[in-house]
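One-letter residues, chain by chain:
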Amino acid sequence: MSDIRIAIMGAAGRMGRALIEQVTLSDGCVLAGGTEGPGHADLGKDLGELAGIGKTDIPLTDDPLTLVTQSDALIDFTVPAATVDHAGLAAQGRIVHVVGTTGTTDGDDEKILAAARHATIIRAGNFSLGVNLVAALTKRVAKTLGDDFDIEVMEMHHRHKVDAPSGTALMFGEAAAEGRGVSLGDVSERGRDGQTGARKRGAIGFAALRGGSVVGDHSVIFAGEKERIVLGHVAEDRAIFARGAIAAAKWGAGKGPGLFSMADVLDLND
């Protein structure tokens, strides 16, 4: 099998630079290119120099359409509007689209699902192996304990993160809700402030902290009478997310259209 050609969308960002480095280090794949939006200050710069790994002779571009024609897979950690556009391009090219973007609306999700009729879209709130194992455990523990235990999801990220709760926190919340056989939208509690009243039985609560340079800390707390169970994950380097996203791109090659998750990639589904 020939090497998979991977393009990085949002290549000048923190995750984009980590992805550039990891693609160049990974067997079985090559760096096809990278994009940013029109007017970005780094357009035209060498991708390798942006990532601090030396010259690759591949410039940062604002032309995703052309890049799609030169790629087998897109890895996308950008913003919702851009990701929806990229999903449409991936559908036109019938290629793999790995989506790590968070903060999408229901309307965005519908458009991404529509694109998955023609593209292989692999979407996750987090691409870390450890995080996906914790999500699988969260589902199992929630199913076993039932609503005698209160569930709280707590996360902390760097000061620059613009959405809350994080995609990973929501991923854990969805796993807990699925374990209980309920919809997260029906039981989610966020942003408590003031006289909120007693906690509702069966609720799944979220708390989001922001500060410093934290890559990502997450805890799922099951609080019962006289005991607590805590499942957690601490991310120390964005490379773990980059490696997981690259593994997803490789897994998706030749898979055919559909919307998949890291649970599919890692064979963690029940």
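Relevant structure appears above.
A few points on the structure. (Residues numbered from 1 in each chain as written. Predicted model: local features only at pLDDT ≥ 70, side-chain atom pairs only at ≥ 80, totals over all residues. Heavy atoms only, no water.)

Moving on to the overall build of the protein chain. A count of helices and strands for the protein chain gives 10 helices and 12 strands. Taking 270 residues into account, the globule formula puts the C-alpha radius of gyration at 18 Å, and the protein chain, at 19 Å, falls close to it. Referenced to the eigenvectors of the C-alpha coordinate spread, the extents of the protein chain come out at roughly 60 × 40 × 35 Å. The buried share of the protein chain, reckoned over its 270 residues, is 47%. Partitioning the intrachain contacts of the protein chain with sequence separation of at least 6 by distance along the chain shows that 68% fall at a separation of at least 24. Approximately 13200 Å² of the protein chain is accessible, and the part contributed by carbon and sulfur atoms is 50%. Taking the average place of the 27 positive charges on the side chains of the protein chain and the average place of its 36 negative ones, the gap between the two points comes to 3 Å. (Helix = DSSP H or I, 4+ residues; strand = E, 2+ residues; numbered from the N terminus. Rg over C-alpha atoms; globule rule 2.2 N^0.38 Å. Buried < 20%, exposed > 50% of the residue type's maximum accessible area, 1.4 Å probe, protein only. Contact = heavy atoms within 4.5 Å. Areas by Shrake-Rupley, 256 points an atom, 1.4 Å probe, with all protein chains shown as cover. Lys, Arg positive; Asp, Glu negative; His and termini not counted. Charge placed at Lys NZ, Arg CZ, Asp CG, Glu CD.)

Below, the discussion takes up the pairing of strand S7 (residues 150-157). Of the strand pairs in this sheet, S7 and strand S10 (residues 216-224) are connected by seven bridges, and their pairing is antiparallel. From the neighbouring strand, isoleucine 151 faces S10, where its bridge partner is phenylalanine 222. In the sheet, S7 pairs with strand S9 (residues 204-210) via seven bridges, with the strands oriented parallel. Each residue of the ladder has a partner; that of methionine 156, found in S9, is leucine 209. (Pairing = 2+ DSSP bridges.)

Let us now look at the nonpolar core. By size, the foremost hydrophobic cluster in this structure holds 35 residues, and its most contacted members are Ile6, Ile8, Ile75 and Val98. Of all elements in the fold, only strand S1 (4-9), helix H1 (14-25), strand S2 (29-35), helix H2 (47-51), strand S4 (73-76), strand S5 (96-99), helix H9 (239-252) and helix H10 (262-265) reach the threshold of two or more residues within this core. When residues of this core are assigned to their parent elements, the largest contribution, six residues, is made by H9. Contacts of isoleucine 75, omitting those with residues within four sequence positions, involve Ile6, Ala7, Ile8, Met9, Leu19, Val98, Ala245, Ile246 and Ala249. Ala177, Leu184, Val187 and Leu231 belong to the second largest nonpolar core, which has 21 residues in total. (Core = buried A, V, L, I, M, F, W, Y, C linked by side-chain atoms within 4.5 Å.)

This brings us to the packing of H1 against H9. In contact at an axis separation of 9 Å, H1 and H9 are set at 60° when each is read in the N-to-C sense. Between H1 and H9, the angle falls in the class oblique. As H1 runs across H9, the sense of the crossing is right-handed. Contacts from Met15, Ala18, Leu19, Gln22 and Val23 in H1 reach Ala239, Phe241, Ala242, Arg243, Ala245 and Ile246 in H9. Taken together, the residues of the contact of H1 with H9 sort by class into nine nonpolar, one polar and one charged. (Axes fitted to C-alpha atoms, helices over the stretch in contact; angles between N-to-C directions. Parallel < 35°, antiparallel > 145°, perpendicular 65-115°, else oblique. Left-handed = near helix turned anticlockwise from the far one by under 90°. Nonpolar A, V, L, I, M, F, W, Y, C, P; charged D, E, K, R; others polar.)

What follows covers the packing of aromatic side chains. Overall, the coordinates contain two aromatic pairs when judged by the stated rule. Measuring from centroid to centroid gives 5.3 Å for tryptophan 251 and phenylalanine 260, while their planes differ by 80°, and the two rings are edge-to-face. Taking the ring centre of phenylalanine 206 as reference, the NZ or CZ of arginine 190 above it sits at 5.5 Å. Over the face of the ring belonging to tryptophan 251 we find lysine 255, whose NZ or CZ atom lies 4.3 Å from the ring centre. (Phe/Tyr/Trp six-rings, centres within 6.5 Å; stacked < 30°, edge-to-face > 60°. Lys NZ or Arg CZ within 6 Å of the ring centre and 35° of its normal.)

Let's shift gears to the side chain of threonine 101. Relative to the elements of secondary structure, threonine 101 occurs in the loop between S5 and helix H5 (106-115). Classification of threonine 101 as buried rests on a relative accessible area of 4%. Engagement of the side chain of threonine 101 in a polar contact is seen with the backbone oxygen of aspartate 76, the distance being 3.4 Å. Of the polar contacts made by the side chain of threonine 101, one reaches the backbone nitrogen of threonine 78; its length is 3.0 Å. Once residues lying within four places of it in the same chain are set aside, the contact partners of threonine 101 are Asp76, Phe77, Thr78, Val79, Pro80 and Thr83. (Polar contact = N/O pair within 3.5 Å; in protein donor to acceptor, adjacent residues only side chain to side chain.)

What follows deals with helix H6 (residues 129-145). Between the first and last C-alpha of H6 there are 24 Å, a value that for 17 residues agrees with the 24 Å anticipated at 1.5 Å per step. Of all the positions in H6, only Val131, Asn132, Val134, Ala135, Thr138, Val141 and Ala142 are classed as buried. Contacts from the buried residues of H6 go to S7, helix H7 (167-180), S10, strand S11 (227-235) and H10. N-cap assignment for H6: the residue whose side-chain oxygen lies 3.1 Å from the backbone N of glycine 130 is serine 128. Just downstream of H6, glycine 146 is the residue with a positive phi angle, here 70°. (Expected span 1.5 Å × (residues − 1).)

Next up on the list: the sheet that holds strand S3 (residues 60-61). Pairing within the open sheet is parallel, and its seven strands lie in the order S3-S2-S1-S4-S5-S6-S12. Where the open sheet ends on each side, the last strands, each with one partner, are S3 and strand S12 (258-260). Against the sheet, H9 makes contact with S1, S2, S4, S5, strand S6 (120-123) and S12, and its axis sits at roughly 155° relative to S5, the strand it touches most.

Moving on to the layout of surface pockets. Counted as a void, the largest pocket has a volume near 1200 Å³. Lining the largest pocket are 37 residues, with Ala124, Gly125, Leu170, Met171 and Glu174 positioned closest to its centre. Secondary-structure elements contributing two or more residues to the lining of the largest pocket are H5, H6, H7, helix H8 (184-187), S12 and H10. For the lining of the largest pocket, the per-class residue count stands at 14 nonpolar, 12 polar and 11 charged. Taken as a whole, the second largest pocket spans an internal volume of roughly 810 Å³. In terms of lining residues, the second largest pocket is bounded by 34 residues, among which Met15, Phe77, Thr102, His158 and Lys161 are the most central. Contributing elements (two or more residues each) for the lining of the second largest pocket: H1, H7, S10 and S11. Ranked by residues supplied to the lining of the second largest pocket, first place goes to H1 with three residues. Split into classes, the residues belonging to the lining of the second largest pocket amount to 11 nonpolar, 18 polar and five charged. (1 Å grid on protein atoms, 1.4 Å probe; cavity = no way out; pocket = protein on both sides within 12 Å on 5 of 7 lines; lining within 4 Å. Points joined across faces, edges and corners; volume = space filled by probe spheres on them.)

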